Amino acid sequence: MLEGKIIKGIGGFYYVKTNEDIYSCRARGKFRNKSLTPMVGDIVNIDVTDTEKLEGYVTEILPRKNELFRPLVSNIDLLLVTFAVTSPEPSFVLIDKLIVTAEARKIPVAICINKCDLDEEKAEEYARTYELCGYPVVVCSAEIGKNLDSLRELLRDKTTALAGNSGVGKSSLLNAIGESFNLKTGSVSDKIQRGKHTTRHTELFPLSFGGYVLDTPGFGSYELERLSFRDLPSLFPEITRHEGGCRFAGCSHIKEPDCSVKDALIEGKISESRYESYKELYEQLKQIKEWE
Ligand SMILES: Nc1nc2c(ncn2[C@@H]2O[C@H](COP(=O)(O)OP(=O)(O)OP(=O)(O)O)[C@@H](O)[C@H]2O)c(=O)[nH]1
Ligand SMILES: [Mg+2]
Ligand SMILES: [Zn+2]
């Protein structure tokens, strides 16, 4: 029996990386009965059936630290929320939804702002927005090779999922950090015209300096998982930090008077764009609640 990590799953085969090799494995039937299916990121035990062809069976899935559903992956140490300064234009509600999802699952978040070669000023402005939340931010460019060392530092020794819209440059960034992944990339106009992602499946790539990165197909739309609107303030770290002085317990920080979150907003300690996302997500979640 060997222990390894599932780095890819295609057509009923799981590719399990052990210390030395990568085994292609099928899952034992009992997983299906227990409605437990192996996923990328899982630490598993395997029974090797062929030591030359490197084949075997997944016999056990070790307890998962966490799970993400879009992309489908487990045991993530960092969600690197990636967007481009422009081309495509960032959608901050979408970005903040992703961050909220990670916060709800207690997955650490960092922000990667790519294509800074296209607009330095905007890149710095967006960086400040997320620095105010307390998230680590890397402003970089796959195209001109800017700040790739900071990106490498962020990824070192962790299993990191890159998440973000199609075309923001996730695959380009992974190629640019010099790991010769040779991931396919595609032009933004192609993606829009054909409505197709260049990256088609989810795969974890081992990094030479330690850790794994997950390249995933970008996603254009994203549904917020079913959270209670009451939990939303706790999923915005900068709101949590500033809500101590609100007059009302359970303040929504939207319509109530004497709200220390709104004071912080006026003082520029919370960014307008994040607050706008907060309000929009709050309304969305409140509606879901009312249907139930
Ligand atoms: N100007 C500029 N263009 C970039 C940069 N990074 C990537 N691109 C371009 O943006 C386009 C999309 O890059 P991809 O790496 O395929 O994007 P992706 O996020 O992997 O997209 P999906 O796989 O569809 O989710 C390509 O044409 C890249 O050449 C950058 O830093 N600056
Ligand atoms: Mg890609
Ligand atoms: Zn308040």
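Only a predicted model underlies this, so the values are computations on that prediction, with no experimental measurement involved.

1. So, the pattern of salt bridges
The final tally for this structure, using the stated rule, is 13 salt bridges. Asp-42 is the salt-bridge partner of Arg-64, the closest N and O atoms lying 2.8 Å from each other. One end of the pair, Arg-64, is in the loop between β5 (55-61) and β6 (67-69); the other, Asp-42, is in the loop between α1 (30-33) and β4 (43-50), and 22 residues separate them in sequence. Here Arg-64 falls in the partly exposed class, since its relative accessible area comes to 22%. For Asp-42, a relative accessible area of 0% puts it in the buried group. Here Asp-149 makes a salt bridge to Arg-152, at a shortest N to O gap of 2.6 Å. In this pair, Asp-149 and Arg-152 are both assigned in helix α4 (residues 148-155), three residues apart and thus about one turn of the helix distant. Of the residues examined, Arg-152 reaches a relative accessible area of 21% and is grouped as partly exposed. One network of salt bridges, in which partners are shared, links Asp-42, Arg-64 and Glu-67.

2. What to know about helix α2 (residues 92-104)
In a regular helix each residue adds 1.5 Å, so 13 residues correspond to 18 Å; α2 covers 18 Å between its end C-alpha atoms and thus fits that length. Listed in full, the buried residues belonging to α2 are Phe-92, Leu-94, Ile-95, Asp-96, Lys-97, Leu-98, Ile-99, Val-100, Thr-101 and Ala-102. The positive-phi residue at the C-terminal boundary of α2 is Lys-106, with phi of around 60 degrees.

3. Looking at the coordination of the zinc ion (ligand 3)
The coordination sphere of the zinc ion (ligand 3) contains the protein donors Cys-246 (SG), Cys-251 (SG), His-253 (ND1) and Cys-259 (SG), at a distance range of 2.1 to 2.4 Å. Taken together, the four donor atoms coordinating the zinc ion (ligand 3) span angles of 102 to 115 degrees at the metal, a pattern that classifies the geometry as tetrahedral.

4. Quick look at the domain arrangement of the protein
Frequently, the measure chosen for interface size is the accessible area that the parts lose on association. The domains assigned to the protein are domain 1 (2-61), domain 2 (67-215) and domain 3 (229-291). Domain 1 and domain 3 are separated by 44 Å when their C-alpha centres are compared.

5. Thoughts on the pairing of strand β13 (residues 211-215)
With five of five residues buried, β13 is to be regarded as a mostly interior element. Side chains Gly-211, Val-213 and Asp-215 project from β13 onto one buried face, and the interleaved Tyr-212 and Leu-214 project onto a second face that is buried too. Here strand β11 (residues 158-163) pairs with β13 via four bridges, running parallel. In the strand pairing of β13, Thr-159 is matched with Tyr-212. Relative to β13, strand β12 (residues 203-206) is paired through four bridges, and the arrangement is antiparallel. Within the sheet, the bridge partner assigned to Phe-205 lies in β13 and is Val-213. Linkage of β12 to β13, two consecutive antiparallel strands, is achieved through a turn of four residues, within which Gly-210 is found at a positive phi near 105 degrees.

6. Observations regarding unusual backbone geometry
Geometrically, the link from Ser-87 to Pro-88 is a cis peptide bond, its omega value of 5 degrees lying close to zero. Look at Leu-54: it is not a glycine, yet its phi comes out positive at around 55 degrees. Position of Leu-54 relative to the elements: it lies in the loop between β4 and β5. Classification of Leu-54 as partly exposed rests on a relative accessible area of 22%. In this structure, Asp-157 takes a positive phi of about 60 degrees despite not being glycine. Assignment of secondary structure puts Asp-157 in the loop between α4 and β11. Residue Asp-157 is classed as exposed on the basis of its relative accessible area, which comes to 58%.

Analysis parameters
- Residues numbered from 1 in each chain as written.
- Chains lettered and ligands numbered in written order.
- Predicted model: local features only at pLDDT ≥ 70, side-chain atom pairs only at ≥ 80, totals over all residues.
- Heavy atoms only, no water.
- Salt bridge = Lys/Arg side-chain N within 4 Å of Asp/Glu carboxyl O.
- Helix = DSSP H or I, 4+ residues; strand = E, 2+ residues; numbered from the N terminus.
- Buried < 20%, exposed > 50% of the residue type's maximum accessible area, 1.4 Å probe, protein only.
- Expected span 1.5 Å × (residues − 1).
- Donors = N, O, S within 2.8 Å, 3.2 Å for Na, K, Ca; no water.
- Tetrahedral: all angles 85-135°; square planar, octahedral: opposite > 155°, others 65-115°.
- Domains from an automatic or database assignment.
- Pairing = 2+ DSSP bridges.

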